[in-house]
Each structure stands twice: as C-alpha cells, then as structure tokens.
Amino acid sequence: MSAIEMQKRGREEDDESRMLNGSIPESLDTDKVTLENGYEPEESITTEQEEFLPQMSIKKTQFTDFEGKTSFGMSTFNLSNAIMGSGILGLAYAMSNTGIVLFVILLICIALLSAYSIHLLLKCAGVVGIRAYEQLGQRAFGPGGKIIAGLIITMHNIGAMSSYLYIVKYELPLVIQTFMGLVVNTGDWYLNGNVLIIIVSILVILPLALMKHLGYLGYTSGFSLTCMVFFLISVMYKKFQIPCPLNGTLSTEPHEVHFNGHNSTEDDSCTAKIFTANSQTAYTIPILAFAFVCHPEVLPIYTELRSATKKKMQNVANLSILAMFVMYLLTAIFGYLTFYGNVETEMLHTYSKVDPLDKLILCVRLAVLVAVTLTVPVVLFPIRRAIQQLIFPGKTFHWARHVIIAIVLLFLVNLLVIFVPNIRDIFGIIGATSAPSLIFILPSIFYIRIVPNEKEPLTSRPKIQAAVFAALGFIFMIMSLSFIIADWVTTGRSSSGGH
C-alpha cells in the first residue's frame, strides 16, 4: 500500500470516528472556508457525500445525539411553562404604573420582539446544525463565546429558580397555617419555610429534574399551566366580587398622573387610567421583558421536538408566546380593574388584605405554589446542559453525571434561598443584565457572526435589523441598570422585578 493510499485510508477512518461522535468530518466539508464561517445548510447534503457513507444517518451529522420524540403539544406546554413565571403576579401593578393603553402597547412590543429573537436563534441553529445555545456561542466567537453564553444562562436560570423557591418559602407556610385554622405561626417545623423548601425540593423537584429528557415534563408543565389558568379565572371572578372603593380595607397611595393635566387623588382611585407616570413606571419594561424570557429553554425543546424543523419550532414558540400574552393581558387588566391604584407588587397579597379568610384565594395561592414548583425542573434543564457543555464537552449522556449536577444545583439554590435574607437587589442586577443578553444581544450577534456574508452581507436588511436589535438590547441593559442604581441612591431599596 502506498503512502498516499495509507493517508487516505487513515483520513476515512478518522472521518468515520467523527461521524460516530456526532460531528461533521473534514471529508464531508465541501467548502472548508464556508464551514469555518459557520454556514452548513440543513438540506445541503450532496450526492457525493451520501455515496461516501451510504449506511450512516446524515441526520446525526447535523443535530444532537438522539432523535426527538416530544410531540408538538408537549413542546408547547414546556415552552409556555418556561415563559410563565412569578412575574405574572406583578403585571397588574405594572399596569397601574403605566395605564391600560401604554401597558398593552408595551406588552405587544415585547411579545413580538421575543418571537423575533427566537427566530434569530432558530435561524442560527438551522445554518450550522447545532441546537445548543453554548455551541452557537462557540461557533460565533470561539471558546470565549461558549463560556459567556453558558454563564449567562446559568446566572439567569439560577435567579429564576431562586425566585420560585422564595415564593414557596414564604407562601407555603401561610397556606398550611390557614388550612389548619391557626391565627399565628406557632413555629413548628411544618410552618418553617426553610424546612418546607427542602422537603419540596427533595420530594417533588428532584425526581422531576432527574428525568432524562425535558420532553417528559410536558405533562407536569400542562398541569402547571392549568393551575395558572385557574388563577386567571379567579382573578376575573374576583373583579365582580370586590367593590371599589375598598371601604378603608387598604390604604390608598395616589399615583401621579400626567394625563389631562391633573393629579390623581382618592376621589378617582376607582378610575382606570389610560396613561400614568410615576416613580415606578420605568420598571415596567424590565418586568415585561423578564416575563417573556424563555430563550435558554428554546433550543433544548427544539432538540427534543419530534420531526423537528425550524418552521415547526417557530410555530411552537409563536403559539406559546401568544398563549402567555393572552394570559398576561387578562391577568393585568382584571387585576388592575379590581384594585386600581391600590394593587400591590404581588397581587395575591392584595387579595389577602381584603379578605384573609377567603377560601377561593387560599386555593389560588396553593395553585400558584404548585405552578411555580413544577416550573423549577424545566428551568433546571438548561443550566445542567450549560454546565455539561462547559465542563464536559463532547461527553455522552451518563446517569451519574446527570444526577449529581441536578443535586448540586438544587443544593446551592436552597442554600441561597435559606441563608440570604434579601436577594432582591441581586435579582435586579442579574435580571437587568441577563434578560437583555438572552432576548436581544446574544441572538443578534450570533446571527450576524454565524450567517456567512456570502449569503447575507453585512449591509443586507436581515443583518441590519439584527444589529439594531442588539443595540436595543444594550440600551435596555444600560437603562435598567441606571434605574436600579438610581432607585438605590434615592430610596435605598430596589424595586425591580424578576421572571
């Protein structure tokens, strides 16, 4: 055998090894320069390539290590559950600080921008055949891009998990106390929030987080969304049960209104405002933006979608965003029209002050607790995936690693919730940096870097739109951080919300 034949045979064996590991072999790279630029269309497999390895599945060269089996409906449930966060409890308060019309306009804009952002992510995934956020970062900017994407996803989702467990920590003892007919907290272990979050994490969250695939959580996501629908129906029902004014049940704190040139007073505290401006109005956009952050979960759900195509996954995203848009809008409108200027940042607290013994609101609180608890495993999956991409790149699935990462993550989040008495400011900083990065900045710059200039020049309309979108994200980040810092300086506290 000549040296040339030996070299050719060695290259073929190396290519076959690469195929078995799920990567693209060099001999299948018909355009080396184009591949380095990140462009390998999903359907650009040539006849020569098919003849080279006729028994190999071309699909394995493009996407992940297993074929998705999750249905369209279950994928929609999972993504909707990822979008639905504790922020829904603060939307009525956000509307009270903007007025109905301005709130609706902002909500529509944020929903459309979120859908466009997902479109950019899916376009990048289709171009390079990668359905992992961190791998898109590596393809766009090398190892540094991979690390930054993984860290942002981890930081944001740990903040989201902590916010959900904080709700469990403070709400579950109150629910148990009310069910037992206790007037005050007796201090028993079953009324200790720290003990309860550990029990909930071990008995409910951990078993769900140990599922091998995210698609298996479709049923729990569906039940979680059902609980939130019950919450919405209860909010709509209570609008017609609670009179306004509230007969002194709640103290009225008038909001400044720059509409028709007058200020609101207690005389018009039951009048819906069209455009309202006060010191808290600036926080409305961050609250709404955080409410639609689901981007770390998009690509994992895309990976597990049955017969996955970019169009099909975009339909999943559009349907999920539309469903959450309707729920957010109805919750905000009916909650605001119930309490008007008296609505608090956490709407359930307002109901409890009106009637602490209301059984319906008690059931609603329990439903919200169930919903946020079942959302934690969905949020944990992208963190575990990011950690595996950063620390164990190229490793195949292993149960021990899968379980250990889940346990360590839950342990750290529980410690954070138990020992940090107030991490609201930390959430504010995390949210103001991670939310615009995940929604605006990263998808845009990935798109600009990954889609080759030969296909879409930098002066083309899609790339100009992506550049403007990224600039909007930087402006949003600077504004959010400025508002938070200014609020710390003037009032000594943070009023920002989270997902």
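Values in this document were obtained by computation on a predicted structure and should not be read as measured data.

A. Structural context of the overall build of the chain. Scanning the chain for helices and strands turns up 19 helices and zero strands. Looking at the chain as a whole, 51% of its 499 residues are labelled buried. Taking the intrachain contacts of the chain between residues at least 6 apart in sequence as the baseline, contacts between residues at least 24 apart amount to 80%. Carbon and sulfur atoms make up 65% of the accessible area of the chain, which totals about 22700 Å².

B. Summary view of the packing of helix H16 (residues 359-391) against helix H17 (residues 399-419). Where H16 contacts H17, the axes come no closer than 10 Å and their chain directions differ by 120°. The handedness of the crossing between H16 and H17 is right-handed. Between H16 and H17, the residues in contact are Leu380, Ile383, Arg384, Ile387 and Gln388 and Arg401, His402, Ile405, Ala406, Leu409 and Leu410, respectively.

C. Structural detail: the nonpolar core. Ranked by internal contacts, the top residues of the largest apolar core, which has 126 residues, are Phe231 and Tyr328. Per-element tally for this core: the top contributor is H16, with 17 residues. In contact with Phe231, other than residues within four places in its own chain, are Ile88, Leu89, Thr331, Met347, Leu348, Val364 and Val368.

D. Geometry of a nonpolar patch on the surface. On the surface, Trp189, Ile198, Ile199, Ile202, Leu203 and Val204 cluster together to form a nonpolar patch covering roughly 570 Å² of accessible area. Among the structural elements, Val204 can be located in helix H10 (residues 193-209).

E. Highlighting unusual backbone geometry. Backbone geometry at Ser307 places phi at a positive 50°, although glycine is not the residue there. Positionally, Ser307 belongs in the loop between helix H13 (295-304) and helix H14 (310-339). In this structure, Tyr340 takes a positive phi of about 55° despite not being glycine. Relative to the helices and strands, Tyr340 resides in the loop between H14 and helix H15 (347-354).

F. Spotlight on helix H5 (residues 72-83). Helix length check: H5, at twelve residues, gives a terminal C-alpha distance of 16 Å against a target of 16 Å (1.5 Å per residue), a fit within 8%. With respect to burial, H5 is a largely interior element, nine of its twelve residues being buried. Of the positions making up H5, those classed as buried are Met74, Ser75, Thr76, Asn78, Leu79, Ser80, Asn81, Ala82 and Ile83. Those residues of H5 that are buried are in contact with helix H11 (218-239), helix H12 (284-291), H13, H14 and H16.

G. How the structure looks around the packing of H5 against H11. Put simply, H5 and H11 touch, their axes get as near as 8 Å, and they point 55° apart. With respect to each other, H5 and H11 are oriented oblique. H11 is crossed by H5, and the crossing has left-handed handedness. Packed against H5, whose contacting residues are Met74, Phe77, Asn78, Ser80 and Asn81, the element H11 presents Gly218, Tyr219, Ser221, Gly222, Ser224 and Leu225 at the interface. In the contact of H5 with H11, the residues fall into four nonpolar, seven polar and no charged.

H. Highlighting the pattern of salt bridges. Going through the model one piece at a time under the given rule, you end up with two salt bridges. In this structure, Glu456 and Lys123 form a salt bridge, with 3.3 Å as the shortest nitrogen-oxygen distance. Separated by 333 residues along the polypeptide, Glu456 in the loop between helix H18 (424-450) and helix H19 (461-491) and Lys123 in helix H7 (residues 100-128) bring together distant segments of the chain. Across the pair, Lys123 and Glu456 agree in class, each one buried. Notably, a salt bridge pairs Glu171 with Arg365, separated by 2.5 Å at the nearest N-O pair. Separated by 194 residues along the polypeptide, Glu171 in helix H9 (residues 143-179) and Arg365 in helix H16 bring together distant segments of the chain. With respect to class, Glu171 is no different from Arg365; both count as buried.

I. Region of the structure containing the confidence of the model for the chain. Of all residues in the chain, 77% attain a pLDDT of 70 or more, and the chain-wide mean is 78. Confidence, expressed as mean pLDDT per element, reaches its minimum in the chain at helix H3 (residues 47-52) with 36 and its maximum at H10 with 94. Here residues 16-65 scores under 50 on pLDDT; set against residues more than four positions off or in separate chains, the count is 68 contacts. Counting interchain partners and residues more than four positions distant, the pLDDT-below-50 stretch residues 250-267 has 35 contacts.

J. Examining the environment of Ser234 more closely. If you trace the backbone, Ser234 turns up in helix H11. When its relative accessible area of 5% is taken as the criterion, Ser234 is described as buried. Through-space distance from the C-alpha of Ser234 to that of Val364 is 7.3 Å; in sequence the pair is 130 residues apart. Residues contacting Ser234, with those up to four places away along its chain left out, are Leu360 and Val364.

K. Structural detail: the packing of aromatic side chains. Inspection of the entire model under this criterion finds eleven aromatic pairs. Ring plane angle 50° and centroid distance 5.0 Å describe the contact between Phe440 and Phe469, whose orientation is recorded as tilted. Of this pair, Phe440 sits in helix H18 while Phe469 is found in helix H19, placing the two residues 29 residues apart along the sequence. With relative accessibility at 4%, the residue Phe440 sits in the buried group. Geometrically, the ring pair formed by Phe440 and Phe476 is tilted, given 5.8 Å between the ring centres and 45° between the ring planes. In this pair, Phe440 is assigned in helix H18 and Phe476 in helix H19, connecting sequence segments 36 residues apart. The aromatic ring of Phe381 is capped on one face by Arg384, whose charged end is 4.5 Å from the ring centroid. A cation over an aromatic ring shows up here: Arg401 above the ring of Phe392, its NZ or CZ 5.2 Å from the ring centre.

Calculation criteria
Residues numbered from 1 in each chain as written. Predicted model: local features only at pLDDT ≥ 70, side-chain atom pairs only at ≥ 80, totals over all residues. Heavy atoms only, no water. Helix = DSSP H or I, 4+ residues; strand = E, 2+ residues; numbered from the N terminus. Buried < 20%, exposed > 50% of the residue type's maximum accessible area, 1.4 Å probe, protein only. Contact = heavy atoms within 4.5 Å. Areas by Shrake-Rupley, 256 points an atom, 1.4 Å probe, with all protein chains shown as cover. Axes fitted to C-alpha atoms, helices over the stretch in contact; angles between N-to-C directions. Left-handed = near helix turned anticlockwise from the far one by under 90°. Core = buried A, V, L, I, M, F, W, Y, C linked by side-chain atoms within 4.5 Å. Patch = residues over 30% accessible without salt bridge, like charges linked within 9 Å, V, L, I, M, F, W, Y side chains within 5 Å. Salt bridge = Lys/Arg side-chain N within 4 Å of Asp/Glu carboxyl O. Expected span 1.5 Å × (residues − 1). Parallel < 35°, antiparallel > 145°, perpendicular 65-115°, else oblique. Nonpolar A, V, L, I, M, F, W, Y, C, P; charged D, E, K, R; others polar. pLDDT = per-residue confidence, 0-100. Phe/Tyr/Trp six-rings, centres within 6.5 Å; stacked < 30°, edge-to-face > 60°. Lys NZ or Arg CZ within 6 Å of the ring centre and 35° of its normal.

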